[in-house]
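So the chains spell out like this:
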Amino acid sequence: MFPTVTIIAALGCGMMAGVFFAFSAMVMPGLRRAEPEVGVAAMRAINLAVVNPAFIALFVGTAVVGVVAAFGGGPWAWAGAALYGLGGIVLTGAFHIPRNNELERFGTTEYWARYLREWVPANHVRALLSLAAALAFTLAALR
């Protein structure tokens, strides 16, 4: 059972790394090129749209499956769970969601410039930590 769970955790982390990467590589650069009012409106719409069953199941489910895999796996599985927990869950909850909420409240062009300066680099970190978690779970599954 645990090799299968570990593979599912690796796939979930890989999918989340891809989501975060897509934002860093395409979505946010595209929004940065738009007029600030358009960027703010688009990001607000994205922040509303992301709260849906498919995304939440992947985002939270990956963390749950990762913890289950860690209990049945070795050090690589624990590393994967920690990396995704820190990069995916903690960073999102402690850093990105508060800024998304501020964008909803203070969606001025001045705040938009600050939002981009802060949100995007931290999103790079989420992508890298999720990718590292996928690698760690893959190594755990191979052992």
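About the thresholds
Residues numbered from 1 in each chain as written. Predicted model: local features only at pLDDT ≥ 70, side-chain atom pairs only at ≥ 80, totals over all residues. Heavy atoms only, no water. Helix = DSSP H or I, 4+ residues; strand = E, 2+ residues; numbered from the N terminus. Buried < 20%, exposed > 50% of the residue type's maximum accessible area, 1.4 Å probe, protein only. Contact = heavy atoms within 4.5 Å. Patch = residues over 30% accessible without salt bridge, like charges linked within 9 Å, V, L, I, M, F, W, Y side chains within 5 Å. Areas by Shrake-Rupley, 256 points an atom, 1.4 Å probe, with all protein chains shown as cover. Salt bridge = Lys/Arg side-chain N within 4 Å of Asp/Glu carboxyl O. Phe/Tyr/Trp six-rings, centres within 6.5 Å; stacked < 30°, edge-to-face > 60°. Expected span 1.5 Å × (residues − 1). Bend = angle between axes of the 7 residues up to and from the residue.

Visitor: Mind showing me how you'd approach the environment of A17 here?
Guide: By the secondary structure assignment, A17 is in helix α1 (residues 2-33). A relative accessible area of 6% means that A17 is categorised as buried. Distance from A17 to V125, taken between C-alpha atoms, is 9.9 Å for residues 108 residues apart in sequence. Those residues in contact with A17 that lie beyond four places of it in its chain are A127, S130 and L131.

Visitor: So what exactly am I meant to see when it comes to a nonpolar patch on the surface here?
Guide: Taken together, the side chains of F2, V51, I56, V60, V64 and V68 make up a nonpolar region of the molecular surface, amounting to roughly 470 Å² of accessible area. Among the elements that make up the nonpolar patch, the one with the highest residue count is helix α3 (residues 53-72) (four residues).

Visitor: Looking at this structure, how should I read the packing of aromatic side chains?
Guide: Two aromatic rings are characterised by how far apart their centres lie and by the angle between their planes. According to the stated counting rule, one finds seven aromatic pairs in the structure shown. On the basis of an interplanar angle of 50 degrees and a centroid distance of 6.1 Å, the ring pair of Y111 and Y115 is categorised as tilted. Taken together, the positions of Y111 and Y115, both in helix α5 (residues 109-142) and four residues apart, correspond to about one turn of that helix. We classify Y111 as buried; its relative accessible area is 6%. Owing to a relative accessible area of 0%, Y115 belongs among the buried residues under this scheme. On the numbers, 6.0 Å between centres and 20 degrees between planes, the contact of Y115 with W119 is stacked. With Y115 and W119 both in helix α5 and four residues apart, this pair spans about one turn of that helix. Accessibility assignment for this pair places Y115 and W119 in one class, buried.

Visitor: Honestly, the pattern of salt bridges in this entry has me stumped. Any pointers?
Guide: Oppositely charged side chains can form a pair if their charged atoms are brought close together. One pass over the full model with this rule turns up four salt bridges. Ionic pairing is found between R99 and E118, a salt bridge with its closest N-O pair at 2.9 Å. Residue R99 is located in helix α4 (residues 75-105), and its partner E118 is located in helix α5; the two are separated by 19 residues in the primary sequence. Here R114 ties to E118 by a salt bridge, and the two come within 3.0 Å at their closest N and O atoms.

Visitor: Is there a simple way to explain α4 in this structure?
Guide: Because each turn of an α-helix spans 3.6 residues, side chains separated by three or four positions end up pointing in the same direction. Taking 1.5 Å of rise per residue, the 31 residues of α4 would be expected to cover 45 Å, and the 42 Å separating its terminal C-alpha atoms lies within 8% of that figure. The sharpest bend along α4 comes to roughly 55 degrees, located at T92.

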